[in-house]
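An overview of the molecular structure
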Amino acid sequence: MASHGARGRGGGRPTLEEVAARAGVGRGTVSRVINGSPRVSDATRAAVEAAVAELGYVPNTAARALAANRTDAIALVVPEPETRFFAEPYFSDMLRGVGAELSDTEMQLLLIFAGSDRERRRLAQYLAAHRVDGVLLVSVHADDPLPDLLSQLEIPAVISGRRSADETLPSVDSDNYGGGRAAVEHLMARGRRKVVHLAGRLDVYGAQRRVDGYRQALLDAGREVDDRLIVPGDFTENGGRRAMTLLLERCPDLDAVFAGSDVMAAGARQVLREAGRRIPDDVALVGYDDSAIARHMDPPLTSVRQPIEEMGRTMIDLLLGEIADRRPAVSRGLEKRQLVLPAELVVRASS
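Residues numbered from 1 in each chain as written. Predicted model: local features only at pLDDT ≥ 70, side-chain atom pairs only at ≥ 80, totals over all residues. Heavy atoms only, no water.

As recorded in an unreviewed UniProt entry, the chain goes by LacI family transcriptional regulator and comes from Streptomyces albiflavescens.

**Considering the environment of Arg-337**
Short version of the rule: Put simply, DSSP marks the helices as runs of H or I at least four residues long and the strands as runs of E at least two long, and each gets a number from the N terminus on. Burial classification: accessible surface area is computed with a 1.4 Å probe over protein chains only, and a residue below 20% of its type maximum counts as buried, one above 50% as exposed, and the rest as partly exposed.
Mapped onto the secondary structure, Arg-337 falls in the loop between α15 (329-332) and β11 (338-341). For Arg-337, a relative accessible area of 29% gives the class partly exposed. Measuring from C-alpha to C-alpha, the distance between Arg-337 and Ser-171 comes to 6.5 Å, with 166 residues separating the pair along the chain.

**Here we look at the environment of Ala-183**
Convention followed: Contact definition: two residues touch when any of their heavy atoms are within 4.5 Å.
Inspection of the secondary structure puts Ala-183 in helix α9 (residues 176-189). Ala-183 has contacts with Phe-258, Val-286, Val-304 and Leu-345, leaving out every residue within four places of it along the chain.

**Side note on the packing of α9 against helix α10 (residues 205-220)**
Definition in use: For every element, the axis is a line fit to its C-alpha atoms; helices are fit only across the contacting stretch, and the angle between N-to-C directions ranges from 0 to 180 degrees. Orientation is classified from the angle alone, with under 35 degrees giving roughly parallel, over 145 giving roughly antiparallel, 65 to 115 giving roughly perpendicular, and any other angle giving oblique. Crossing chirality is assigned from the near helix's rotation relative to the far helix, an anticlockwise turn below a right angle marking it left-handed and a clockwise turn marking it right-handed. Residue type decides the class: Asp, Glu, Lys and Arg count as charged, Ala, Val, Leu, Ile, Met, Phe, Trp, Tyr, Cys and Pro as nonpolar, and the leftover types, Gly among them, as polar.
In the contact formed by α9 and α10, the axes pass within 7 Å of each other and the chain directions differ by 40°. As the angle between them shows, α9 and α10 are arranged oblique. Judged by the twist between their axes, the crossing of α9 over α10 is right-handed. Of α10, the residues touching α9 (which contributes Asn-176, Tyr-177, Gly-180, Arg-181, Val-184, Glu-185 and Met-188) are Gly-206, Arg-209, Arg-210, Asp-212, Gly-213, Tyr-214, Gln-216, Ala-217, Leu-218 and Asp-220. Split by residue class, the contact of α9 with α10 holds six nonpolar, five polar and six charged.

**With respect to the side chain of Glu-322**
Keep this limit in mind: Contacts described as polar in this section are N or O atom pairs within 3.5 Å, which, within protein, must combine one atom able to donate a hydrogen with one able to accept it, while residues neighboring in sequence count only if both atoms come from side chains.
Within the fold, Glu-322 resides in helix α14 (residues 308-325). Accessibility expressed as a relative area gives 1% for Glu-322, which makes it buried. Among the polar contacts made by the side chain of Glu-322, one reaches the side chain of Arg-337 at a distance of 2.8 Å.

**Examining the sheet that holds strand β8 (residues 256-259)**
To be explicit about the condition: We treat two strands as partners when DSSP finds at least two bridges between them.
Taken in spatial order, the six strands make up an open sheet running β7-β6-β8-β9-β10-β12, and their pairing is mixed. Of all strands in the sheet, those bounded by a partner on one side alone are β7 (230-232) and β12 (344-346). Going across the sheet, the axis of each strand differs from the next one's by a mean of 20°, ignoring polarity. The pairing of strand β6 (residues 195-199) with β8 spans four bridges and is parallel.

**Description of the sheet that holds strand β1 (residues 73-78)**
Taken together, the six strands give an open sheet; going across it, the order is β2-β1-β3-β4-β5-β11, and neighbouring strands pair in parallel fashion. Taken across any chain shown, the strands that pair with only one partner, and hence form the sheet edges, are β2 (108-113) and β11. Ignoring which end each strand starts from, the neighbouring axes of this sheet average 20° apart. Relative to strand β5 (residues 171-174), strand β4 (residues 157-160) runs parallel, the two being bridged by two bridges. Bridging from a neighbouring strand, Ile-159 pairs with Ser-171 of β5. The sheet strands contacting helix α7 (residues 117-128) are β1, β2 and β3 (134-138), and the helix crosses β2 at an angle near 150°. Across the sheet, helix α8 (residues 146-153) is in contact with β1, β3 and β4; its angle to β3 comes to roughly 170°.

See the structure below:
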């Protein structure tokens, strides 16, 4: 008896038609089995799967994608310099969550940086050619034109964190307001009187909401809010150092610092130590993100935990739903899909 193995007629790659002939069914039935359609009987499915195994048939995903006007690719777009992406744990945690959720699909993930004008122009041309089925946008600033470009091109997109309270695109974020408020309430409960805030970039809505939480916690405690004690940084270690230096000049008797990220808190710690301030004896320090930096800092850093990996997984879940419908939520006129996941204060020795 001749062996078919992994070869079809003429010794080439087995075809869909040969699988259909071997299973005794039509070409469309084989296609439905391969694509997981429930409209196939168990007996027929078993016959097709047996034929696929005997012939060594491998589905041509490229042809299937072309027929469905699909690329089977998703772009994770980071409108920041590459240096920031690799320096901040937030991005690697987000990427880990996205990758984990995509691992059970046939979708490919493309990582695209768009931190410069040249990179943005190149990205706009790439997106206009519809070379991806959908886009995940991470670290979006208030004036960023990319979300509007995606809407114009009718490319399904989900962003991590809203640009404003009036966001129109689907988004996934953590409770930045609640996280900021919890951090300051914790510091005041520890008896701290002068709580200053190293804010993130204030053109990022999440950073604005952390400032709002800081303010509200002070007001609820009957304390005055001094805007001079809120200094914006850029979520970097150098930004944390600069902001901390300025705050020490403005408020030499400060005894608590709430930093908008763990990376900024690391910069602030260096400045405080150089100034002879002991942590937490003289100054309590709280960060944000609960990254590996927080756990390995000396002393270990109290920080607000964002469920970053979960945010990445949730973004993919939302985006795959948008892609399946083939039209962005904005075009469909559906209710906004904006999910806010809870933040949690993790107390350690620094406060």
